[in-house]
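Fold and geometry: a report
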Amino acid sequence: MNESYWLLAIKLYVSLAGFTALPVIWTVFSNVPLNKAGPHFDVSPHFTDAEKLLLQQHYERIRGTLSFWKTQAERYKRAHFYCLSWTIPSSVIVPVLAQATDTDAYSKWLITVVSAFSAILLALHRAFKVSDNYRAYREGESMFYDTYRRMLDRPETFGDASTRVERYFAEVEELRKFIRNTETDNTPSLDQTKSQKAEDSG
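Residues numbered from 1 in each chain as written. Predicted model: local features only at pLDDT ≥ 70, side-chain atom pairs only at ≥ 80, totals over all residues. Heavy atoms only, no water.

To continue, consider the side chain of K70. Mapped onto the elements of the fold, K70 is located in helix α3 (residues 49–100). Look at K70 and you get buried, because its relative accessible area is 15%. The contact partners of K70, leaving out residues within four places of it in the chain, are V32, P33, L34, N35 and E141. (Helix = DSSP H or I, 4+ residues; strand = E, 2+ residues; numbered from the N terminus. Buried < 20%, exposed > 50% of the residue type's maximum accessible area, 1.4 Å probe, protein only. Contact = heavy atoms within 4.5 Å.)

This part covers the pattern of salt bridges. Using the criterion set out here, one finds 10 salt bridges in the structure. We note a salt bridge from E141 to K70, for which the minimum N-O separation is 3.5 Å. In this pair, E141 is assigned in helix α5 (residues 130–153) and K70 in helix α3, connecting sequence segments 71 residues apart. This pair shows no difference in class: E141 is buried, exactly as K70 is. For R78, the salt bridge goes to E74, with nearest N and O atoms at 2.8 Å. Pair noted here: R78 and E74 are both in helix α3, with a separation of 4 residues, about one helical turn. You can call R78 partly exposed: its relative accessible area is 28%. (Salt bridge = Lys/Arg side-chain N within 4 Å of Asp/Glu carboxyl O.)

Printed below as a string of structure tokens:
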């Protein structure tokens, strides 16, 4: 007996969903390396040797944080676009499939699979605030490098030579606090997750 076309469609859908999820899963178990930077503080003509040492040590201490931000931004980016690439087409496909169903039981199962998968992705996307976290980590990374390059290229924007290093450290510290607070705000609590599940099932 020939296999049902509807069953084949279910297998194809599940296979594609699993295959396209591999890049998202990969980032969960790997770290994204930092981009190669240009000349650092150690060769800058704007600072004394003592200032160069302080600035270079400060950058080395924050490298781990930068790597974490970049990795998190990539994880949430891939998760965000994975959700969009499956939920948006599904919202169009489900009504079409509903009109195309026939007596084959697998035709209704295909609609169930597509609808359930889309609902799960939407619930996870909302509960874990994927787009908000992606934006927060990406903006945090970008804002740091903007501050870093400004210190390298235009240190006078941080004030007098006697205070600019401290002001630079203060700005980076405030940026780290901002990202930390954003991360905490965007982390769903158990109550929020339960509430989200209740809304989706209601």
